[in-house]
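Single-letter residue listing:
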Amino acid sequence: MDPIELIEALGEDRVLALGGLAIGALFGFLAQRSRFCLRAAVVEVARGSFGAKLAVWLFAFSAALITTQLLVLEGAFSTVAVRQLASQGSLSGALIGGLLFGCGMVLARGCSSRLLVLAANGNLRALLSGLVFAVTAQASLHGALSPLREWLAALWTIPGGSSRDLLALGTFGNSGGVLFGLLWFGAGAWFAARHRVGPWGWAGGIGCGVMVALAWWFTGRMAALTFEPTAVQSLSFTGPSADMLMRVLSPPGQALNFDLGMVPGVFLGSFLAALLFRELKLEGFQGGPAMRRYIAGAVLMGFGGMLAGGCAVGAGVSGAAVFALTAWLTLCSMWAGAALTDRLVDRSSQAAAGSAP
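All values reported here derive from a predicted model rather than from experimental measurement.

A. A look at the overall build of the protein. Of the regular secondary structure elements, the protein holds 17 helices and 2 strands. In terms of overall dimensions, the protein is globule-like: its C-alpha atoms have a radius of gyration of 19 Å, near the 21 Å expected for 357 residues. For the C-alpha atoms alone, the extent of the protein along its principal axes is close to 70 × 50 × 50 Å. By the burial criterion, 51% of the 357 residues in the protein qualify as buried. Within the protein, counting contacts between residues at least 6 apart in sequence, those at least 24 apart form 83% of the total. Of the accessible surface of the protein, which amounts to about 15700 Å², a share of 67% is contributed by carbon and sulfur atoms.

Now the structure itself:
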């Protein structure tokens, strides 16, 4: 069916939501099978192992860069209306928010997308952490934490346009973006071959990155076809989690959008993957200290992700794929915050436990 006919038959909001549901379900399925996780990749690098988890993350990261930039080169997608490039950004928000998010994802043992994937598999720790994350994100957007977020974000801002576009600043062009992505893909392939990553690691990691590009293309196409203003966006989990929480708590009948299909889609895709491969398993906390750790991590991620303007996927992959300066700064800050937290918290506690009589 022609896209315009589909919109006329179902309505703009339903097509957006169905597209989000389909893309989210594929992402959730592939993320569950590949164990795609930024926290796991950072911990491997911080501990000097450079193993399979890093390879999977590099596959997703590079595939998103390559396919997104190829879509731009082919004229199938334009970055003109992308929020991460067109609107004013915050360098202070990217730095501070990225550090907080990186700390939080180590404490919660997973970023926001990973928590959603694990919650669908029966992990009650991830479910509680995800709920705390969504509440904190909403409080940071419009609630009690919003004044602090706005103050921190205003410390160092940058105008939208070419000043936020790394490809424009470096005069590399979209072809340069593709070549840069290919370099990282080569690194991922080398680590994968060295550590004998299985087919799901290759296919799942690459597929997760392709879903990011597909979301950019789909929302860009819908923005061009619809009469109502439609956000050009890709996969992200900070703002959408907060929106999903408010939708559950609000009266029914409100308009649908891409995010409201994407979040349950990821949950559904991960659940189906776990069901098909017999990996559904209820898991809970092992005492009060563990619960405090997960809750603290979720709070840091919720506030940090909203301050930075994106999570490990929203900024670290989706924003990086369009070469937004603030997204790359957020990603680097996440790596630094996560590596530091792993060193100060996890490795220190392991060393103390090892030296105890």
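B. Structural detail: the environment of Ser234. Relative to the elements of secondary structure, Ser234 occurs in the loop between helix H12 (199–225) and helix H13 (238–249). With a relative accessible area of 5%, Ser234 lands in the buried category. Between the C-alpha atom of Ser234 and that of Ala189, which follows or precedes it by 45 residues, the distance is 25 Å. If we skip the residues at most four places from it in the chain, Ser234 touches Val212, Ala215, Trp216, Phe258 and Ser318.

C. Broad picture of the packing of helix H8 (residues 124–141) against H13. The interhelical angle for the contact between H8 and H13, taken along N-to-C directions, is 95°, at an axis separation of 8 Å. By the angle between their axes, H8 is roughly perpendicular relative to H13. Here H8 contributes Phe133, Ala134, Val135, Ala137 and Gln138 to the contact with H13, which in turn contributes Thr238, Ser241, Ala242, Leu245 and Met246. Here the contact of H8 with H13 is composed, by residue class, of 7 nonpolar, 3 polar and no charged.

D. Summary view of the packing of helix H3 (residues 38–46) against helix H4 (residues 52–73). Between H3 and H4, the least distance of the axes is 8 Å, while the angle of their chain directions is 130°. What the angle tells us is that H3 and H4 run oblique. Between H3 and H4 the crossing geometry is left-handed. Contacts from Leu38, Ala40, Ala41, Glu44 and Val45 of H3 reach H4 at Ala52, Lys53, Leu54 and Trp57. Residue classes in the contact of H3 with H4 are distributed as 7 nonpolar, no polar and 2 charged.

E. The state of the cysteines, seen in detail. One pass over the full model with this rule turns up 0 disulfides. Its sulfur unpaired, Cys111 is 5.4 Å from the next cysteine sulfur, which belongs to Cys37.

F. Representation of the packing of aromatic side chains in the model. Counted according to the given criterion, the structure contains 19 aromatic pairs. Ring centres of Phe61 and Trp184 lie 6.3 Å apart, and the angle between their planes is 80°; on these two criteria the pair is classed as edge-to-face. Placement of Phe61 in helix H4 and of Trp184 in helix H11 (residues 173–194) is noted, with a sequence separation of 123 residues between them. When its relative accessible area of 35% is taken as the criterion, Trp184 is described as partly exposed. Taking 5.7 Å as the distance between ring centres and 35° as the angle between the ring planes, the aromatic pair formed by Phe77 and Trp216 counts as tilted. Remark: Trp216 occurs in helix H12 and Phe77 occurs in the loop between H4 and helix H5 (83–86); sequence separation between them is 139 residues. Like Phe77, the residue Trp216 is buried in the burial classification. The rings of Trp57, Phe61, Phe180, Trp184, Phe323, Trp328 and Trp335 are connected pair by pair, giving a single aromatic cluster. The ring of Phe277 is capped by Arg33, whose NZ or CZ atom sits 3.7 Å from the centre of that ring.

G. The pattern of salt bridges, seen in detail. Per the stated rule, a full pass over the model turns up 7 salt bridges. In this structure, Arg125 and Glu283 form a salt bridge, with 3.6 Å as the shortest nitrogen-oxygen distance. Of this pair, Arg125 sits in helix H8 while Glu283 sits in the loop between helix H14 (258–276) and helix H15 (288–308), and the two are 158 residues apart along the sequence. Owing to a relative accessible area of 16%, Arg125 belongs among the buried residues under this scheme. Several salt bridges converge on common partners, so that one network encompasses Arg33, Arg35 and Glu279.

H. Structural detail: a nonpolar patch on the surface. Residues Leu6, Leu10, Leu18, Leu21, Phe267, Leu268, Phe271, Leu272, Leu275 and Leu280 make up a contiguous nonpolar surface patch of roughly 770 Å² in combined accessible area. Counting residues per element, the ones that place at least two in the nonpolar patch are helix H1 (3–10), helix H2 (12–34) and H14. Ranked by the residues each element gives to the nonpolar patch, the list is headed by H14, at 5 residues. For Leu280, the location among the structural elements is in the loop between H14 and H15. Take Leu280: its relative accessible area is 36%, and that puts it in the partly exposed class.

Reading the values: rules and limits
- Residues numbered from 1 in each chain as written.
- Predicted model: local features only at pLDDT ≥ 70, side-chain atom pairs only at ≥ 80, totals over all residues.
- Heavy atoms only, no water.
- Helix = DSSP H or I, 4+ residues; strand = E, 2+ residues; numbered from the N terminus.
- Rg over C-alpha atoms; globule rule 2.2 N^0.38 Å.
- Buried < 20%, exposed > 50% of the residue type's maximum accessible area, 1.4 Å probe, protein only.
- Contact = heavy atoms within 4.5 Å.
- Areas by Shrake-Rupley, 256 points an atom, 1.4 Å probe, with all protein chains shown as cover.
- Axes fitted to C-alpha atoms, helices over the stretch in contact; angles between N-to-C directions.
- Parallel < 35°, antiparallel > 145°, perpendicular 65-115°, else oblique.
- Nonpolar A, V, L, I, M, F, W, Y, C, P; charged D, E, K, R; others polar.
- Left-handed = near helix turned anticlockwise from the far one by under 90°.
- Disulfide = S-S within 2.5 Å.
- Phe/Tyr/Trp six-rings, centres within 6.5 Å; stacked < 30°, edge-to-face > 60°.
- Lys NZ or Arg CZ within 6 Å of the ring centre and 35° of its normal.
- Salt bridge = Lys/Arg side-chain N within 4 Å of Asp/Glu carboxyl O.
- Patch = residues over 30% accessible without salt bridge, like charges linked within 9 Å, V, L, I, M, F, W, Y side chains within 5 Å.

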